[in-house]
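Structural features, examined
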Amino acid sequence: MSVRHAGCHVWNLLGPASGVRIAGYRSTKGLINIIHNQTHNQTTLRRQFSISPVVQKKKAVKTSKSAVKNEEEDVEVAIYDPQSFKSSCDQILTDLKSHVQEARMGKTDLKILNSLKIQIGSQKIVLEKLGQVGMRGGRHIVVSVYDPENVKAVSAGILAANLNMNPQVDPSNPQVLLIPIPPPTRESRETTAKFIKSLVESAKKSAVQKKSIYHERSKAMAAVQLMKNASYSKDMTMKLESQIEKINKDYLAKLSKMQDEVTQAVMRS
């Protein structure tokens, strides 16, 4: 191949943009080396380009609002019955009356005595395991000791507890201790009235127990909210909310009235 023919070949192969200078080469060998080098470089470039990864941006998967709505519609929501709220309030009121009556009769003292620890030999045992505690005639607390050998220890334990109680052995039964309930003083009446007030407040809106008017009302309103989410009619849900609020108001008034009546009775006794 002549230099001229090789030059034409290089020019056609590499193109004018390759920057190869044809003139000045006197041998085909030198020109062929140029062709080889330039061809190798272009091949390398082509390979590098061909293996470059193509990055494609993934499309985010969107959740159809209609699909979510269909799922919510599939959940069956029952119509709330306000009578269930009323029944819960009735039970709260019944329990409260029982607790208030116990407080007025001094039965809180019975609970204190039952949990009192008595020294028996080398160990301490709660009183309720040593005997039965009850009331007699409303003016005496009665402690019936199971084992006659423990009577003295029980009597000494009650005296040592500083509960303002003076146990005495029943003349008709040496295993029974009689504890006179002292006549109420103004201070004791006020203490009882405060305790009853705390019972009523807990029944209205307790921060430590769930059994209260406030808690039951919250449950009722949550049930109506589920109906709203399930697309029940606005008229129906508004009517239910109105009934719940009326029940709530009525029972709060009943609790307040009971507190006033009991407090007045306690202070007059």
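Below is a summary of the structure that appears in this document. Predicted, not measured: the structure shown is a model, and the values here were computed from it. (Residues numbered from 1 in each chain as written. Predicted model: local features only at pLDDT ≥ 70, side-chain atom pairs only at ≥ 80, totals over all residues. Heavy atoms only, no water.)

**With respect to the overall build of the protein chain**
Rule in force here: Comment: elements are numbered from the N terminus, with helices defined as DSSP H or I runs of at least four residues and strands as E runs of at least two. The buried label goes to any residue with under 20% of its type's maximum accessible area, the exposed label to any with over 50%, and the partly exposed label to all in between, with areas taken from a 1.4 Å probe on protein chains only. The accessible surface values rely on the Shrake-Rupley method and a 1.4 Å probe; as for residues, cover is taken only from the protein chains in view.
Along the protein chain, the regular secondary structure elements total 9 helices and 6 strands. Among the 269 residues that make up the protein chain, the fraction classed as buried is 29%. Surface exposure of the protein chain reaches about 19,100 Å², of which carbon and sulfur atoms provide 53%.

**Side note on the pairing of strand 4 (residues 140–145)**
The cut-off we apply is this: Here a strand pair is declared whenever DSSP counts at least two bridges between the two strands.
With 6 bridges connecting them, strand 3 (residues 131–136) and strand 4 associate as antiparallel partners. If you follow G134 over to strand 4, its bridge partner there is V142. Between the antiparallel neighbours strand 3 and strand 4 lie 3 residues, among them G137 with a positive phi of about 65°. Here 5 bridges tie strand 4 to strand 6 (residues 173–180), and the two strands are oriented antiparallel to one another. Each residue of the ladder has a partner; that of V142, found in strand 6, is L178.

**Looking at the nonpolar core**
Under the convention used in this document: What is meant by a nonpolar core is a set of buried Ala, Val, Leu, Ile, Met, Phe, Trp, Tyr and Cys residues, joined one to another through side-chain atoms within 4.5 Å.
Counting 27 residues, the largest nonpolar core has Y80, F85, L96, V100, I196, I244 and L255 as the members making the most contacts within it. Per element, the largest residue contribution to this core is 8 residues, and it comes from helix 9 (residues 234–268). With 18 residues, the next largest nonpolar core counts L110, V133, M165 and I181 among its residues.

**Regarding the packing of aromatic side chains**
In plain terms, the rule: Any pair of Phe, Tyr and Trp rings, taking the six-membered ring for Trp, is counted once the centres come within 6.5 Å. Such a pair is stacked with planes under 30 degrees apart, edge-to-face with planes over 60 apart, and tilted for the rest. For a lysine, the NZ atom is tested; for an arginine, the CZ atom; a charge sits over a ring if that atom is within 6 Å of the ring centre and within 35 degrees of the ring normal.
Scanning all chains against the criterion turns up 0 aromatic pairs. Sitting over the face of the ring of Y214, K205 holds its NZ or CZ atom 4.6 Å from the ring centroid. Sitting over the face of the ring of Y251, K254 holds its NZ or CZ atom 4.4 Å from the ring centroid.

**Section: the sheet that holds strand 4**
Filter applied, for reference: For helices, the axis comes from a line fit to the C-alpha atoms of the stretch in contact; other axes are also lines fit to C-alpha atoms, and the angle between any two N-to-C directions lies between 0 and 180 degrees. Note on contacts: a residue pair is in contact if any heavy atoms of the two residues lie within 4.5 Å.
Pairing within the open sheet is antiparallel, and its 4 strands lie in the order 3-4-6-5. At either end of the open sheet lies a strand with only one pairing partner, and these are strand 3 and strand 5 (168–170). Ignoring which end each strand starts from, the neighbouring axes of this sheet average 35° apart. Running at roughly 10° to strand 6, helix 6 (residues 151–160) makes contact with strand 4 and strand 6 of the sheet.

**Overview of the environment of V176**
Along the chain, V176 falls in strand 6. A relative accessible area of 8% means that V176 is categorised as buried. The spatial distance from the C-alpha of V176 to the C-alpha of Y146 is 9.0 Å, given a sequence separation of 30 residues. When residues no more than four places from it in sequence are discounted, the contact partners of V176 are R136, V142, V143, S144, Q168, V169 and D170.

**Digging into unusual backbone geometry**
For S231, which is not a glycine, the phi torsion comes out positive at approximately 70°. Tracing the backbone through its elements, the reader meets S231 in the loop between helix 8 (213–229) and helix 9.

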